[in-house]
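Coordinate analysis (summary)
Spelled out, the chains give:
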Amino acid sequence: MTTIKTRNVTAAPRRGGVARASAGFWVRLGILVQVMALLGGIFVLFSYRVSLGEKLTATARETAKIKREIHELDREIEALRIKKEDYSRWTYIKGQIDRYQLGLRVADPAQRRQLAVSYPRTSGVSRAAATAQR
């Protein structure tokens, strides 16, 4: 008679249950670190955007201030130009001469001298060429 041995089909007790649980912990920890890094990156980008917005606002304020100063300086320059033109007019100058009794008059012909400019003679070179060499 032959006996048939039956095989045990139930699962054998697994070894390394502690190792498997610790491997799951490290996987979960790795995922948690990745999620935290992602959230940290998003936070950094958001903070950078806010910082840039503040800098742009400050720059816009400075630009407006400088434009206002330029406009005021342009107005002052224009006012000074007009004032200079007023002071350069003959009517103003004549009024000041009369006011302070300066007694300025046109020069007498005897006070005038003719200015003579002499060019050095060069051998074989025309006067225009000598002038051009200077």
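Anyway, here's the lowdown on the structure attached to this text. (Residues numbered from 1 in each chain as written. Predicted model: local features only at pLDDT ≥ 70, side-chain atom pairs only at ≥ 80, totals over all residues. Heavy atoms only, no water.)

1. Notes on the overall build of the protein chain
Our working rule: Helix and strand definitions here come from DSSP, where helices need a minimum of 4 consecutive H or I residues and strands a minimum of 2 consecutive E residues; each element is numbered from the N-terminal end. Only protein chains enter the area calculation, which uses a 1.4 Å probe; residues under 20% of their type maximum are buried, those over 50% are exposed, and those in between are partly exposed. For accessible areas, the Shrake-Rupley method is used with a probe of radius 1.4 Å. Any residue's cover is judged against the shown protein chains and nothing else.
If you tally the helices and strands in the protein chain, you get 3 helices and 0 strands. For the protein chain, the sequential pattern of α-helices and β-strands runs α-α-α. Expressed as a percentage of the 134 residues in the protein chain, the buried residues total 2%. For the protein chain, the accessible surface area stands at approximately 13700 Å², while carbon and sulfur atoms represent 61% of it.

2. What about the packing of aromatic side chains?
Between two aromatic rings, the relevant description is the distance of the centres plus the angle of the planes. Counted only if it meets this: Pairing of aromatic rings covers Phe, Tyr and Trp, the last counted by its six-membered ring, and requires centre-to-centre distances within 6.5 Å; plane angles under 30 degrees mean stacked, over 60 mean edge-to-face, and any other angle means tilted.
Using the criterion set out here, one finds 2 aromatic pairs in the structure. Between Tyr87 and Tyr92, the aromatic rings sit 4.8 Å apart at their centres with planes inclined by 40°, giving tilted as the arrangement.

3. Let's talk about the pattern of salt bridges
Operational definition: The rule for a salt bridge is simple: a side-chain nitrogen of Lys or Arg has to be within 4 Å of a carboxyl oxygen of Asp or Glu.
If you walk through the whole model with that rule in mind, you get 4 salt bridges. Here Asp86 ties to Arg89 by a salt bridge, and the two come within 3.0 Å at their closest N and O atoms. In this structure, a network of salt bridges that share partners links the residues Glu78, Arg81 and Glu85.

4. Here we look at unusual backbone geometry
Of note, the phi angle at Gln101 is positive, near 50°, even though the residue is not glycine. Tracing the backbone shows Gln101 in the loop between helix H2 (90–100) and helix H3 (127–133).

5. As for a negative patch on the surface
Going by this rule: Only residues whose relative accessible area exceeds 30% and that form no salt bridge enter a patch; like-charged residues are grouped when within 9 Å of one another, and nonpolar side chains (Val, Leu, Ile, Met, Phe, Trp, Tyr) when within 5 Å. We treat Lys and Arg as the positive residues and Asp and Glu as the negative residues; His and chain ends play no part in the count. Here the site of a charge means atom NZ of a Lys, CZ of an Arg, CG of an Asp or CD of a Glu.
Taken together, the side chains of Glu62, Glu69, Glu72 and Glu76 make up a negatively charged region of the molecular surface. Tracing the chain through its elements places Glu72 in helix H1 (residues 17–88).

6. Some thoughts on the environment of Asp86
Looking at where Asp86 falls in the secondary structure, it is placed in helix H1. For Asp86, a relative accessible area of 34% corresponds to the partly exposed category.

7. Regarding a nonpolar patch on the surface
On the surface, Phe25, Trp26, Leu29, Leu32, Val33 and Met36 cluster together into a nonpolar patch covering about 640 Å² of accessible area. By secondary structure assignment, the location of Phe25 is in helix H1.

Just geometry here; none of it tells us what the structure is for.
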